[in-house]
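The primary structure of each chain is shown beneath.
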Amino acid sequence: MHTDPTDLLFHSERMETKRLLVQLSIIVLGMLSFSVDCIDRTYFPSSFLFGTATSSFQIEGAYLEDNKSLSNWDILTHIPGRIRDGSNAEITDDHYHRYMEDIELMESIGVNAYRFSISWSRILPRGRLGGTNSLGIAFYNRLINALLLKGIKPFATLNHYDIPQELEVGYGGWLNPQLQEEFGEFADICFREFGDRVKYWTTFNEPNIVVTYGYRIGSYPPNRCSRGFEDCWSGNSSTEPYVAAHHIILAHATAVETYRSKYQIKQEGAIGIAMSTTWFEPLRNITEDYKASQRALAFNAPWFLDPIIRGDYPSEMRQILGSRLPKFSGSDKRKLQSKLDFIGINHYTSLYVKDCPKCGAVGPKGDALVLTTGDRDGVPIGKKTAMTDMFVVPRGMEKIVMYTKQRYENISMFITENGYPQKSDHRTPLKILLNDKERVEYLQTYLTSLHRAMRQGADVRGYFIWSLMDNFEWLSGYSLRFGFYHVDYETQVRTPKLSATWYQEFLDNSKLLINEL
Ligand code: NOJ
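The structure reproduced in this document is the subject of the present report. Because the structure is predicted, anything quoted here is derived from the model rather than measured.

The rules we used
Residues numbered from 1 in each chain as written. Predicted model: local features only at pLDDT ≥ 70, side-chain atom pairs only at ≥ 80, totals over all residues. Heavy atoms only, no water. Helix = DSSP H or I, 4+ residues; strand = E, 2+ residues; numbered from the N terminus. Rg over C-alpha atoms; globule rule 2.2 N^0.38 Å. Buried < 20%, exposed > 50% of the residue type's maximum accessible area, 1.4 Å probe, protein only. Contact = heavy atoms within 4.5 Å. Areas by Shrake-Rupley, 256 points an atom, 1.4 Å probe, with all protein chains shown as cover. Lys, Arg positive; Asp, Glu negative; His and termini not counted. Charge placed at Lys NZ, Arg CZ, Asp CG, Glu CD. Near = heavy atom within 4 Å. Polar contact = N/O pair within 3.5 Å; in protein donor to acceptor, adjacent residues only side chain to side chain. Expected span 1.5 Å × (residues − 1). Pairing = 2+ DSSP bridges. Patch = residues over 30% accessible without salt bridge, like charges linked within 9 Å, V, L, I, M, F, W, Y side chains within 5 Å. Salt bridge = Lys/Arg side-chain N within 4 Å of Asp/Glu carboxyl O. Phe/Tyr/Trp six-rings, centres within 6.5 Å; stacked < 30°, edge-to-face > 60°.

## A look at the overall build of the chain
Step number 1: A tally of helices and strands in the chain yields 18 helices and 19 strands.
Step number 2: Taking 517 residues into account, the globule formula puts the C-alpha radius of gyration at 24 Å, and the chain, at 22 Å, falls close to it.
Step number 3: Its C-alpha atoms put the chain at 65 × 55 × 50 Å along the principal axes.
Step number 4: Per-residue burial over the chain gives 61% buried out of 517 residues.
Step number 5: Taking contacts inside the chain between residues at least 6 apart in sequence as the whole, the part at least 24 apart equals 76%.
Step number 6: For the chain, the accessible surface area stands at approximately 20,600 Å², while carbon and sulfur atoms represent 53% of it.
Step number 7: Between the averaged position of the 57 positive side-chain charges in the chain and that of its 61 negative side-chain charges there is a distance of 5 Å.

## So, the side chain of Gln492
Step number 1: Relative to the helices and strands, Gln492 resides in the loop between β17 (485-488) and β18 (493-496).
Step number 2: Judged by relative accessible area, which is 6%, Gln492 ranks as buried.
Step number 3: With near-sequence residues (within four places) excluded, Gln492 lies in contact with Ile91, Thr92, Asp93, Asp94, Arg98 and Val487.

## Remarks on the site of the ligand
Step number 1: With respect to spatial proximity, 13 residues lie near the ligand, and among them Gln58, His160, Glu417, Glu473 and Trp474 are the closest.
Step number 2: Side-chain polar atom of His160 to an oxygen atom of the ligand: 2.8 Å apart, as the coordinates give it.
Step number 3: Separating an oxygen atom of the ligand from a side-chain N or O atom of Glu473 is a distance of 2.6 Å.
Step number 4: Contact with the protein chains hides 94% of the accessible area of the ligand, taken as 300 Å² for the molecule alone.

## Thoughts on helix α17 (residues 437-455)
An α-helix turns once per 3.6 residues; consequently, residues spaced three or four apart project the same way.
Step number 1: Taking 1.5 Å as the rise per residue, α17 with 19 residues should run 27 Å; its terminal C-alpha atoms sit 27 Å apart, in good agreement.
Step number 2: Burial runs high along α17: 14 of the 19 residues are buried.
Step number 3: Gly457 lies just past α17 and shows a positive phi near 100 degrees.

## Things to note about the pairing of strand β2 (residues 49-53)
Step number 1: In terms of burial, β2 is a largely internal element, 5 of the 5 residues being buried.
Step number 2: Alternating residues of β2 divide into Leu49, Gly51 and Ala53 and Phe50 and Thr52, and every residue in both groups is buried.
Step number 3: Relative to strand β15 (residues 460-466), β2 runs parallel, the two sharing 5 bridges. By the bridge assignment for β15, Phe50 is matched with Tyr463.
Step number 4: Of the pairings in the sheet, the one linking β2 to strand β3 (residues 113-117) comprises 3 bridges and is parallel in character. Residue pairing for β3: Ala53 is matched across the bridge by Arg115.

## Quick look at a nonpolar patch on the surface
Step number 1: The grouping of Leu64, Leu70, Ile75 and Ile79 at the surface amounts to a nonpolar patch, some 290 Å² of accessible area in total.
Step number 2: Checked against the element boundaries, Ile79 lands in the loop between α3 (72-77) and α4 (95-109).
Step number 3: Given a relative accessible area of 35%, Ile79 falls into the partly exposed group.

## Brief notes about the packing of aromatic side chains
Step number 1: For the structure on display, the rule yields 49 aromatic pairs.
Step number 2: Their ring planes at 35 degrees and their centres at 4.4 Å tell us that Tyr96 and Phe139 sit as a pair that is tilted. One end of the pair, Tyr96, is in helix α4; the other, Phe139, is in helix α6 (residues 134-149), with 43 residues separating them in the sequence.
Step number 3: Summarising the aromatic geometry, the rings of Tyr348 and Phe482 are spaced 6.1 Å apart at their centres and angled 80 degrees between planes, so their arrangement reads as edge-to-face. Here Phe482 lies in the loop between β16 (480-481) and β17 and Tyr348 lies in strand β7 (residues 342-355), a separation of 134 residues in the sequence.
Step number 4: When its relative accessible area of 15% is taken as the criterion, Tyr348 is described as buried.
Step number 5: A connected cluster of aromatic rings, assembled from ring pairs, spans Phe57, Trp73, Tyr161, Tyr213, Tyr220, Phe472, Trp474, Tyr478 and Tyr489.

Pasting the structure below:
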């Protein structure tokens, strides 16, 4: 029998990965033996999806290969000064060439699902009038088939932040209603080409972040904002985020309508949207702050979820924004009836909220007339992390899931992202990065909190950890690491961290001990 030398190479790398995982598992069990409470895989239904998450722009690299066009994030990352460490994602994890190795990593952890995104610029490099790129389709077919061979369910996101630059320039991005048809066509191609094997779809990832940072703050493409925010050429921070959001909501509806009418019955899959969620608590024990926290919540995920599920924007938003909030026409409302099958929750942290009637202006949440902070009388809401606005607050997971359950009548949910950042520069020793016990503690306490919500009846179907491996963290470049696997960007060597072993042990049903929360 002919043996491909690369098989041998992969084999020995696999052995090495397994050896490291075993070594780390001894450390992880020792480390946790001081604790009390415990949770394991058996606490969750056997059909529950346990996976890891990534996105195309952050891991694929090959930024101009096989007819891929430039996306708006390719452009932004090449403008000097925009990315904290001056880096870009031309190569990043080189996953486009190393996807087989990366699937082996998932296999060694033992996940049963993988959340990834499909690059619009690979499938339709010039938009719908430019024709489909068969090489882009072929890449995702290879990826999906290889996942299925390992028993890993593909969970695909159609749009994770970046869009083809040609659509940004030609249409003016999401400010133009025509992007709905462009997205609809892209979605249709993906359902047609991959839907026989992909049974879980999300239309958009964190559109609330895309429009807030793209059109209010101005730090994400297309860098539009009013004076007083970032350094933007033009824009209007008080109206454009709402217009862009309106078009994304309708683009979601267009894709779901297509899925329902042309594919869903035959393909038997489900479709949803993944929202960025933060749990907000009143800063002071006063009615004003309680109301402010409710406003902050409504201005976040419900901004998109209320129109999709209930047919219109939250009343809290209408009251403050008035005519700044676009209206849905009769035909929009008909389209919105296609709704969704599940809500994807990306959840990392919680913040305090203070009523601030005069706020308005600068900051991501100003329009909700609130101030957010992680600090109450000098005491942080939870342990600080490498990200300024991110604190470790496990209870937030239970709270946000219960809030979503109540607001949307216990619709199915997936935790599409949860994860922990490490700060890193060329001076950070590898040993420190591999020994990520803070991440282990974060994940296990958040999972316990999630389980508490499920015990109260929340219909949660799966949980994805961000991320399989370190990758390009948007404006922070490579200065933050979220991965189970450390990536050496010079050599592309992936090395399991303590957390990879923890997840493996957890999925293996080994009892893990958890601190009292
Ligand atoms: C949210 C985004 O979906 C993902 O792209 C990002 O890397 C993580 N959170 C961590 O910030």
